[in-house]
Amino acid sequence: MLFNTFEFIIVFLPIVVAGFFLIASVGNSRLALYWLVCSSLFFYSWWNPTLIFLLLASLIFNFRVGLALSRKPSRGLLFFGVGTNLLALGWFKYSGFFVEVVNMLAGLAIPVPHIILPLAISFYTFQQIAYLVESHDGATKEDDFLSYCAFIAFFPQLIAGPIVHHREIIEQFKKPETYVANSLSIGLGISMFAIGLFKKVVLADNFSPIAASAFGAAAEGWAPPIEVAWAGMFAFSLQIYFDFSGYSDMAIGLALMFGIRLPFNFASPYKSASIIEFWSRWHITLTRFLTNYVYNPILTRLSRRRMAAGKPMLRRSAPSWNTFFVLLFAPTIITMALSGLWHGAGFQFLIWGLLHGLMLAINHAWRLFGNGLPLRERLRGNRLLRMFSVLLTFTAVSLALVFFKSADVDQAMNMFRGLLGLTARAEYEPGLFGGYAPPFLKRSDVPIFLVGFFIIWCLPNSQQWLGLIEGDREKAGRWAWVLAFFDGLRGWRPTMLHGFFIGAIMAAALIRAFGEAATEFLYFTF
Amino acid sequence: MDRPGIYEILTDIFRDIFDDPGIEVHPALSSRDLEVWDSFNHINMMVATEMAFGVKFKASEVEGLKNVGELVNLIETKLALQPG
């Protein structure tokens, strides 16, 4: 069941929310939690009822191992637990890719197995690996299976995150306030859900055909005309952002209706002026996971060894290339390569990850070695430079996304040929170009791009928006002046305006969502 | 070792790792306050702290700290657990 479908919004959601608070209001919060967990499992099994058994097996296994680890920490058991999770993920997600690589390297022709990718497996596997490590370290403890199921299977975040830590969620499920319907939480939740739904069905789904015409031509072996290639590439950057951040907003909004606060996953990533900044604002909970469980352990090990051997560390005042490669380049590249493969089993995802690793390393090198360059000092804090950096970062991210969007490396290469204008225009005679006829770039596509760019670069993000509604200056960030403005108008609060605004975008989104066949979210395939 | 002693050693480590001889280490200091305190320098600082106090941090401890005050508490707990 997708968040943007009639059956979810009109049937499932109202019944589950009402049922939850109704059961809780007769004084049985335990039964309400059962209701929530069972509804979540029902929600999951809507796609494919048999896969629920894999999810249940995973829940039982990890709960038992986590419990044993928190009672008596054992490295052996931790390795066994994490290893089993990775093996299951590997079997379902990577066995086909593995056979392809073996075939390619050894020149064999072993038939490639076609195994169904169980929905959400990458997300629930990562979340449970984190839980096992935290149980081993004594950072968290869970001895109630029902609460554990709520932590992993809670339907707002089960399918595609945000990836949460056990300790940041479980306390909320144990608080009595969670079981009392709160009009503010429900109002805020509906608002976030409306913003997310609008991003998905009005924005992302409008960029999708523009991206599809360029990538579709590339899939058929054509290099799209240069203007189509660039428009298609930027359309996909906007599509994936509105799709995935829209999904995350909807998840956060749904959880809020139950009084549960999930961490934010996006913070205006396209406003970033560098790749380092981009990764602190894009898919934040995945970055957090990879930093904690891949990057930090590798770097910690390397640093311990270097310090114990008395070798120099990396210093801003006296950086050395040798140290840079060992301590910064290597861990960054490894982490981002794994991030690529986590997104999908294929060379195009690996290349996407490696490109980001390389860009991050270049960014770090620039910070370290470019320090003190006269030109750099002169331009520090320059507004024009900042705008240029934002555009450069957005373009670099978009170029890497060409691999991310492509089904294989050939398709991506055709896109790059198109981006570079390496095809003769004569190739695009009507009928030759996969059914696409000139003019390739429609004037009617221009307004949606303008709207998209205006939203990503000029408007507050959903997190800041929530801060404005709650009157929380810190969360509102650079938009706190709006609060100050309303303070000056006595008796006027942003709530009224907010109500109109949310009502309008919700109506637009629902008309669109119910009027057309629902499209899947991009991150559901991971 | 007493608290002022721990702060004294941490001050040396912070000034060295973050390349800034002017850093004053106090309990509320956190990565928000120092631009150079990024994920890379955080690990360097934690490993240097391990070496200086002869302790070892777990993965969850490396990322779970909110500020210097919590780091000092953690060091104290670890030192208290050590034999001798």
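Everything quoted here is computed from the prediction, not taken from an experiment. Residue indices follow the written sequence of each chain, beginning from 1 at its first position. For naming, the first written chain is A and the first written ligand is 1, with later ones following in the order written. Thresholds applied to this predicted model are a pLDDT of at least 70 for local features of residues and 80 or more for the giving and counting of side-chain atom pairs; totals over whole chains, interfaces and linings are not thresholded and use all residues. Calculated side-chain values reflect all of the structure's heavy atoms, with hydrogen atoms and water omitted.

Examining the overall build of chain B
Across its full length, chain B holds four helices and zero strands. Going along the chain from the N terminus, every DSSP run of H or I of four or more residues is numbered as a helix, and every run of E of two or more is numbered as a strand. Secondary structure of chain B in N-to-C order comes out as α-α-α-α. Taking 84 residues into account, the globule formula puts the C-alpha radius of gyration at 12 Å, and chain B, at 12 Å, falls close to it. Viewed in the frame of its principal axes, chain B has a C-alpha envelope of about 40 × 25 × 20 Å. Values of the radius of gyration come from C-alpha atoms, whereas the globule rule sets the reference at 2.2 Å times the count of residues to the power 0.38.

Some remarks on the overall build of chain A
Scanning chain A for helices and strands turns up 22 helices and zero strands. A compact globule built from 526 residues would reach a C-alpha radius of gyration of about 24 Å, and chain A, at 25 Å, matches this within 12%. Principal axes of the C-alpha set define a box for chain A whose edges measure 70 × 60 × 55 Å. Put simply, of all contacts in chain A between residues at least 6 apart along the chain, 75% involve residues at least 24 apart. Residues scored as charged are limited to Lys and Arg (positive) and Asp and Glu (negative), so that His and the chain ends carry no count. Charge positions are represented by NZ for Lys, CZ for Arg, CG for Asp and CD for Glu. The distance from the centre of the 40 positive side-chain charges to the centre of the 28 negative ones in chain A is 11 Å. Note on contacts: a residue pair is in contact if any heavy atoms of the two residues lie within 4.5 Å.

What to know about the nonpolar core
Looking at soluble globular proteins, one finds that nonpolar side chains tend to be buried together. Residues belong to a common nonpolar core when they are buried Ala, Val, Leu, Ile, Met, Phe, Trp, Tyr or Cys residues joined through side-chain atoms within 4.5 Å. For every residue, the accessible area obtained with a 1.4 Å probe (protein chains only) is divided by the maximum for its type, and the residue is called buried under 20%, exposed over 50%, and partly exposed between those limits. Formed by 142 residues in total, the largest nonpolar core has its most connected members in Phe8, Tyr44, Phe155, Phe193 and Tyr270 of chain A. The greatest single-element share of this core, amounting to 20 residues, is contributed by helix 10 (residues 226–257) of chain A. The domain boundaries here were taken from an automatic or database domain assignment. Domain assignment of the residues forming this core places at least three in each of domain 1 (6–180) and domain 2 (188–518) of chain A. In contact with phenylalanine 193 of chain A, other than residues within four places in its own chain, are Phe3, Phe8, Ile9, Asp249, Met250, Gly253, Leu254, Met257 and Met506 of chain A. Listed in part, the 39 residues of the second largest apolar core include Tyr295 and Leu368 of chain A together with Ile6 and Ile75 of chain B.

A look at the interface of chain B and chain A
Listed per partner, the contact involves 21 residues of chain B and 25 residues of chain A. Put simply, buried area is how much 1.4 Å-probe accessible surface two parts lose in total, over both of them, once they are put together. Carbon and sulfur atoms make up 54% of the surface buried where chain B meets chain A, a total of about 2,000 Å² over both sides. Among the residues chain B hides against chain A, the three largest losses belong to Asp19, Phe40 and Glu63 of chain B. Together they make up 29% of the total. A pair is scored as a salt bridge if a Lys or Arg side-chain nitrogen falls within 4 Å of a carboxyl oxygen belonging to Asp or Glu. On inspection of chain B and its partner chain A, the count reaches two salt bridges. Across the pair arginine 304 of chain A and glutamate 50 of chain B runs a salt bridge, and its minimum N-O distance is 2.6 Å. Definition of a polar contact: a pair of N or O atoms within 3.5 Å, with one able to donate and the other able to accept a hydrogen when the atoms are protein atoms, and with sequence-neighbouring residues admitted only if both atoms are side-chain atoms. Taken together, the connections running from chain B to chain A amount to six residue pairs in polar contact (both at pLDDT 80 or more). Those elements that place two or more of their residues in the side of chain B that touches chain A are helix 1 (3–17), helix 2 (39–53) and helix 3 (59–64) of chain B. The greatest single-element share of the side of chain B that touches chain A, amounting to eight residues, is contributed by helix 2 of chain B.

Focus on the environment of phenylalanine 500 of chain A
All names here are of chain A. By the secondary structure assignment, phenylalanine 500 is in helix 22 (residues 494–515). For phenylalanine 500, a relative accessible area of 62% corresponds to the exposed category. It is 45 Å that separates the C-alpha atoms of phenylalanine 500 and valine 294, two residues lying 206 residues apart in sequence.

With respect to the packing of aromatic side chains
Any two rings among Phe, Tyr and Trp, with Trp reduced to its six-membered ring, count as a pair given centres within 6.5 Å; such a pair is stacked if its planes are under 30 degrees apart, edge-to-face if over 60, and tilted if neither. Within the structure shown, the criterion is met by 67 aromatic pairs over all chains. Taking the centre distance of 5.0 Å and the plane angle of 65 degrees together, the rings of phenylalanine 325 of chain A and phenylalanine 329 of chain A count as edge-to-face. One end of the pair is phenylalanine 325 of chain A and the other is phenylalanine 329 of chain A, both in helix 13 (residues 321–343) and four residues apart, which spans about a single turn. For phenylalanine 325 of chain A, a relative accessible area of 42% corresponds to the partly exposed category. Residue classification places phenylalanine 329 of chain A among the partly exposed residues on the basis of a relative accessible area of 24%. Measuring from ring centre to ring centre gives 5.4 Å for phenylalanine 14 of chain B and tryptophan 37 of chain B, while their planes differ by 90 degrees; the resulting arrangement is edge-to-face.

Description of the pattern of salt bridges
One pass over the structure, following the stated rule, counts 14 salt bridges over all chains. Between lysine 199 of chain A and aspartate 249 of chain A there is a salt bridge; the shortest N-O distance is 2.7 Å. Here lysine 199 of chain A is found in helix 9 (residues 183–219), whereas its partner aspartate 249 of chain A is found in helix 10, with 50 residues between them in sequence. This pair shows no difference in class: lysine 199 of chain A is buried, exactly as aspartate 249 of chain A is. Where salt bridges share partners, they join Glu134 and Arg167 of chain A together with Glu63 of chain B into one cluster.

Here we look at helix 5 (residues 121–136) of chain A
In this model, helix 5 of chain A (16 residues) spans 22 Å end to end at C-alpha, consistent with the 22 Å of a helix rising 1.5 Å per residue. For helix 5 of chain A, the buried fraction is high: 16 of the 16 residues fall into the buried class. Given the number of residues in a helix, its expected span is that number minus one, multiplied by 1.5 Å.

Details of the domain arrangement of chain A
All names here are of chain A. When the domains of chain A are assigned, the result is domain 1 (6–180) and domain 2 (188–518). Facing 39 residues of domain 1, the contacting portion of domain 2 comprises 34 residues. Across the domain 1 to domain 2 interface the summed buried area is about 3,100 Å²; carbon plus sulfur atoms make up 76%. Its largest share of buried area at the contact with domain 2, domain 1 owes to Phe97, Phe126 and Pro162, together 19% of the area lost on that side.

Considering a positive patch on the surface
Patch building starts from residues that exceed 30% relative accessible area and form no salt bridge, then joins like charges within 9 Å and nonpolar side chains (Val, Leu, Ile, Met, Phe, Trp, Tyr) within 5 Å. Here the Shrake-Rupley method, with its probe set to 1.4 Å, supplies the accessible areas, and only the displayed protein chains count as covering residues. On the surface, a cluster of positive charge is contributed by Arg75, Arg301, Arg305 and Lys311 of chain A together with Lys56 of chain B. Within the secondary structure layout, lysine 311 of chain A lies in the loop between helix 12 (284–308) and helix 13. Judged by relative accessible area, lysine 311 of chain A falls into the partly exposed class, the value being 48%.

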